[in-house]
Amino acid sequence: AQSVTQLDSQVPVFEEAPVELRCNYSSSVSVYLFWYVQYPNQGLQLLLKYLSGSTLVKGINGFEAEFNKSQTSFHLRKPSVHISDTAEYFCAVTNAGGTSYGKLTFGQGTILTVHP
Amino acid sequence: DSGVTQTPKHLITATGQRVTLRCSPRSGDLSVYWYQQSLDQGLQFLIQYYNGEERAKGNILERFSAQQFPDLHSELNLSSLELGDSALYFCASSGRTSGYLNEQFFGPGTRLTVL
């Protein structure tokens, strides 16, 4: 069984400050990792994904994440946030390989609030 | 816009009733996934269909069922509804291209309120 733990339920930050949203996972098999963003009253949108290769993954809207296999972490970072980044962020994991990603196991979410 | 459509957007019903949620995947996508998002349980995978066949099952209650039709749209049927079934139900689709590098695209969700 897989599990995902997002270590912070809420992260307040001021505009133009850097931010890190933390994610740890547990799995007995190789995994693919994802970060999704959910804006109010909308569905989830993929920010970035780690499948293989370079452990530093760059995504949309200036976000990046680093896969650390030894620490089973996949933390999301942005060097300078904007008001428009205010949203809920979800870390997710699925089994690697196969013919599709298969089911996603999500963390509980981190609400990022950017203050002016 | 992800290209995945869900209807209705909102649904209010009473305990004991039955409802059907509909999902139309992106054009050409063969896989459909259903997820439930609630305050106490978070985002949970319910079930996956691939080209009309059930592929994977998650934490789906026996009172819930789903199917994928030949035109690839999917329906999630929820019966004997309880207050705790109130949640946001998401559909996602993937599989426009072959292989394992298929991203899931999420619809806007159906908000179900059971009174």
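In this report, we go over the structure that sits alongside the text.

## Details of the packing of aromatic side chains
All names here are of chain A.
Phase 1: Inspection of every chain in the model, using the stated rule, returns 13 aromatic pairs over all chains.
Phase 2: Taken together, a centroid distance of 6.2 Å and an interplanar angle of 90 degrees make the contact between phenylalanine 90 and phenylalanine 106 edge-to-face. Separated by 16 residues along the polypeptide, phenylalanine 90 in strand β10 (residues 87-95) and phenylalanine 106 in strand β11 (residues 105-106) bring together distant segments of the chain.
Phase 3: Judged by its relative accessible area of 2%, phenylalanine 90 falls in the buried class.

## Regarding the pairing of strand β12 (residues 110-115) of chain A
Residues and elements named next belong to chain A.
Phase 1: Along β12, the buried face is formed by Thr110, Leu112 and Val114; none of Ile111, Thr113 and His115, which line the opposite face, is buried.
Phase 2: Pairing between strand β2 (residues 10-14) and β12: five bridges, direction parallel. Residue pairing for β12: phenylalanine 14 is matched across the bridge by histidine 115.
Phase 3: In the sheet, β10 pairs with β12 via three bridges, with the strands oriented antiparallel. The partner of tyrosine 89 across the bridge, within β12, is threonine 110.

## Focus on the pairing of strand β2 (residues 10-13) of chain B
Residues and elements named next belong to chain B.
Phase 1: Covered by surrounding structure in β2 are Leu11 and Thr13 only, the residues His10 and Ile12 on the alternate face being uncovered.
Phase 2: Examined bridge by bridge, β2 and strand β11 (residues 110-114) share four bridges and lie parallel to one another. Bridge pairing in β11 places histidine 10 opposite arginine 111.

Conventions we followed
- For every chain, the first residue of its written sequence is number 1, and the numbers climb from 1 along that sequence.
- Lettering for chains starts from A, numbering for ligands starts from 1, and both go in the order in which the items are written.
- Local features are withheld for residues below a pLDDT of 70 in this predicted model, meaning they are given only at 70 or higher, and side-chain atom pairs are given and counted only at 80 or more; totals for whole chains, interfaces and linings count all residues.
- With hydrogens and water set aside, each side-chain value is computed from the structure's full complement of heavy atoms.
- In this scheme Phe, Tyr and Trp rings, the latter by its six-membered ring, pair at centre separations within 6.5 Å, and the angle between planes marks the pair as stacked below 30 degrees, edge-to-face above 60, and tilted otherwise.
- Each helix is a run of H or I in the DSSP string that is no shorter than four residues. Each strand is a run of E no shorter than two, and both are numbered from the N terminus.
- Exposure categories follow from relative accessible area, calculated using a 1.4 Å probe and restricted to protein chains: below 20% of the type maximum is buried, above 50% is exposed, and the middle band is partly exposed.
- Think of it this way: DSSP has to see at least two bridges between two strands before they count as a pair.

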